[in-house]
Structures are given as C-alpha cells and as structure tokens.
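Residue strings, one per chain:
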Amino acid sequence: MAQAGKRDYYEVLEVERSASEDEIKKAFRKLARLHHPDLHSEPEKKKTAEVKFKEAGEAYEVLSDSERRQKYDMFGHAAAGQGGGHEGFGGGGFGDVFGDIFEDFFGGGRGRSRAEQGNDLQYNLEISFEEAINGKEAKLKIPRWEVCETCQGTGAKSEQSVKACSACRGAGQIRLQQGFFTINRTCGQCQGSGKIIADPCKSCRGQRRVHKERMLSVTIPAGVESGMRLRLSHEGEHGMNGGPPGDLYVALNVKPHPHFVRKGQDILYDRRLHFVTATLGGKVEVPTLNGNTMVKIPEGTQHDQILRLKGLGAPGLKSHTRGDQLIRIKIDIPTKLTPQQRELLNAFAEESDLNNEYQGEGLFDKVKNLFD
C-alpha cells in the first residue's frame, strides 16, 4: 500500500515493477546525475533538486535490495520503516553503492592519476588536382604535446621532489558527507594525483609534457577527393600517466584545376570546336593528365556531345580500375565572316533549303540560332 504523500518507488525511478536490478541501477544513475544538488546554483532549483535526489536515493536503497524489495512489493511503504524515510534504512553499504555509481561523474578520487589518452589532432592539407589523382608523399610538420623526456612525464626534477599531498594524505580524494550520502571528491590541491611536486622539472616546468614539432611522412593514396581524412594511429598528442597517444587526422582539400573537373572517377574536359570541324569531322589535340593526345571527331558531332577516353580518369581507392576522361564538345560559332565565307554559306543554305525554313535571316544567324 502506498503511504499518503509518498510516491511509489517504482514511479520515482520511472521503471516497471518487473524491472531487473540492472535496470533499477541505471534508472537511479540517470536521476542522480540529473538532480544532484551540486549541479544547481540557484537556491530554489537546488532545494527542489535535493528533494528529488533524496527521493531517488530512498527508492534505490529499497529496490536494490532483493529482500527489502520483496517486502515492499507485498506491504508497500510500511515495510520500509517509520514513514519509509532514510531513518528506516539498514545503513551499511548505500554510500559505497553511491560512490561506485558516481565515481566517473565526480572524479572518483583518482583524477589525473588515471591513465588518460592523448588528444586527437587534425592537420589540414591542400594538394593539387594532379596529386589527388596520382597520389604523393607529403612531409608534414605537426605541433603537439609530448611526454617530457627529461623527467619521463613525472613533472619532478627527481624522485625526492615528489611528496605525498598533505590535504588528502596521498589518497587523491577527500571524503565528504552530504546528508546520508558519503561522496568521494577529487582532491583540489593535488588534482587527484595524491602527490605534490616540491621541485618541478626545469624542462617542462612541472607540466609533465612539452610542446614540440614532429616531422611526419604521409602517403596520399591515388584517387583521393576533397573532404576525405587520412588517419594516422598514435600520431596525436601523447597521453598522460602512461595513457596511449591520440590519433592524427589529415583532412584533404584538393585545389580546383583550370581545365579539368572531377566527376566521381571520371574527369571532365570541355573542348571547343569550330562548327565546320564538328560538321565534317576531323582530329584535334586534347590535354590529359598523362599529356596531350589526338582525338578523332566524328562527322556530325553535336553541341554538348560526350566523347570518352577509356582509362584516363581517376583510380578507385578500393579497386584497381580507373575512370575515363570525358570530352564535352562545345561548338564555336564565328562572329565575323568574310564576303566569300558568307557567299559559300548562303549557297549551302540554298542547297539545304534553309532559306525557306528561316526566312529573312542570314545563314550565320540561322546556324547560330541552333545553339541559342
């Protein structure tokens, strides 16, 4: 039976009555993080948080114990003692459970003494269009924090320079009592290390790491594109307290080419042709990334028609196949004609019966209109 003015414990933890022990623990962890008084500075919010925090703790104290939970399921709040408050708790290990749940949230009393992985780094590298297609070896100068070689990361001039912290007596944590909870907090004097450096290392000034520049050789694979990132494992900043280094990410930006455009694995090139060449066909020289080559222009080639050079595109990153070079035809219409050229084109227009189709216009205008 529910006691007047007191919410059901399952309702407090927002779990079903059939919830497992693990689900109950997770629910309490979530609510405790949300309502812990130390997270609120405004008096009203802090007061409300204290009430909800204690309510969640009371519910967890009962439901986390299988025997007491069974009694609660049968008799309700009456089974929890006088009013179901913390006065009726069995004491014992709730503070230990609480400390276990919040170890990572409140520092766990170990702070910086725990091994910490180094930060990841990103280097922005600009490469040319040709380098993206063909690949290259790049030399990078990477600034990063590294473990001090002089003190081997201790931050002290010698072993004798390291003393136990007087505030926490070398434990790295200070035990605080908050209501019926006991909380272990990271020592503010030694930042959780449990040690104080009396005489710091001169090279790193007690920081345990130094800022250096490292030269790295990076292989840029053929076929990369803008926006891609290359990962170099363990080339980021060094970790603390023996922790592993982070990773280095090389972010690629490919400079645009004055003539070529990347279309997946294909390379697009616009080739301008005189309308006579497009009409009669012929051969023209076309640039590629492998040098110039001659391309046959079929008779009657149209504006925006695509010609294809097999295997002259970009290589695939995950395959050995290459794309093609696409030649997009752009037909040029002359803006000035000699009298003889105009006479010949008019004769062509008469032969083709174009004058009946486009009355009142010269042949040059008629041809030009085809591409407007």
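Counting starts from 1 at the beginning of each chain's written sequence and moves along it residue by residue. Residue-level local features of this predicted model are given only where pLDDT is at least 70; pairs of side-chain atoms are given and counted only at 80 or more, and the full residue set underlies all totals for whole chains, interfaces and linings. Each side-chain value is derived from all of the structure's non-hydrogen atoms; neither hydrogens nor water enter the calculation.

### What about the confidence of the model for the protein?
Argument step 1. For the protein, per-residue confidence averages 83 on the pLDDT scale, and residues scoring 70 or more make up 81% of the total.
Argument step 2. Overall, residues 82-97 carries pLDDT values under 50, and its contacts beyond four positions in sequence, including any with other chains, amount to 28 contacts.
Argument step 3. Residue range residues 100-112 is modelled with pLDDT below 50. Its contacts to residues more than four positions away, or to other chains, number 42 contacts. pLDDT is a per-residue confidence score from the predictor, ranging from 0 to 100. The contact criterion used throughout is that any non-hydrogen atoms of two residues lie within 4.5 Å.

### Description of the state of the cysteines
Argument step 1. Only a pair of cysteine sulfur atoms within 2.5 Å qualifies as a disulfide here. Following the criterion strictly, the structure yields zero disulfides and no others.
Argument step 2. Of the cysteine sulfurs around Cys 201, a residue in no disulfide, the closest is that of Cys 204, at 3.9 Å.

### Re the layout of surface pockets
Argument step 1. Space inside and on the surface of the protein is sampled on a 1 Å grid over the protein atoms alone, with a cavity defined as a set of points where a 1.4 Å probe fits but cannot get out and a pocket as an open set with protein on both sides within 12 Å along at least 5 of 7 lines; lining residues have an atom within 4 Å of a point. Grid points are joined across faces, edges and corners, and a volume is the space filled by probe spheres set on the points. There is about 720 Å³ of room inside the largest pocket.
Argument step 2. Along its surface, the largest pocket is lined by 31 residues, and Thr 154, Ser 193, Ile 197, Arg 208 and Asn 241 are the ones closest to its centre.
Argument step 3. Sorting elements by how many residues they give to the lining of the largest pocket places strand 6 (residues 195-197) first, with three residues.
Argument step 4. Ten residue types, Ala, Val, Leu, Ile, Met, Phe, Trp, Tyr, Cys and Pro, are classed as nonpolar, four, Asp, Glu, Lys and Arg, as charged, and the remainder, Gly among them, as polar. Residue classes in the lining of the largest pocket are distributed as seven nonpolar, 16 polar and eight charged. The secondary structure listing takes helices from DSSP runs of H or I that are at least 4 residues long and strands from runs of E that are at least 2 residues long, numbered from the N terminus.

### Points about the pattern of salt bridges
Argument step 1. We count a salt bridge whenever a side-chain nitrogen from Lys or Arg sits within 4 Å of a carboxyl oxygen from Asp or Glu. Counted under the stated rule, the structure contains 19 salt bridges.
Argument step 2. Linking Asp 247 and Arg 231 is a salt bridge whose minimum nitrogen-to-oxygen distance equals 2.8 Å. Taken together, the residues span a long stretch of sequence, with Asp 247 in the loop between strand 8 (229-232) and strand 9 (248-254) and Arg 231 in strand 8 at a distance of 16 residues.
Argument step 3. Close ionic contact of Arg 328 with Asp 270 constitutes a salt bridge, the shortest N to O distance being 2.7 Å. One end of the pair, Arg 328, is in strand 15 (residues 325-332); the other, Asp 270, is in strand 11 (residues 266-274), with 58 residues separating them in the sequence.
Argument step 4. For the exposure calls, accessible area comes from a 1.4 Å probe over protein chains only, and a residue counts as buried if that area is under 20% of its type's maximum, exposed if over 50%, partly exposed in between. You can call Arg 328 partly exposed: its relative accessible area is 26%.
Argument step 5. For Asp 270, a relative accessible area of 32% translates into the label partly exposed.
Argument step 6. In this structure, a network of salt bridges that share partners links the residues Arg 144, Glu 146, Arg 214 and Glu 235.

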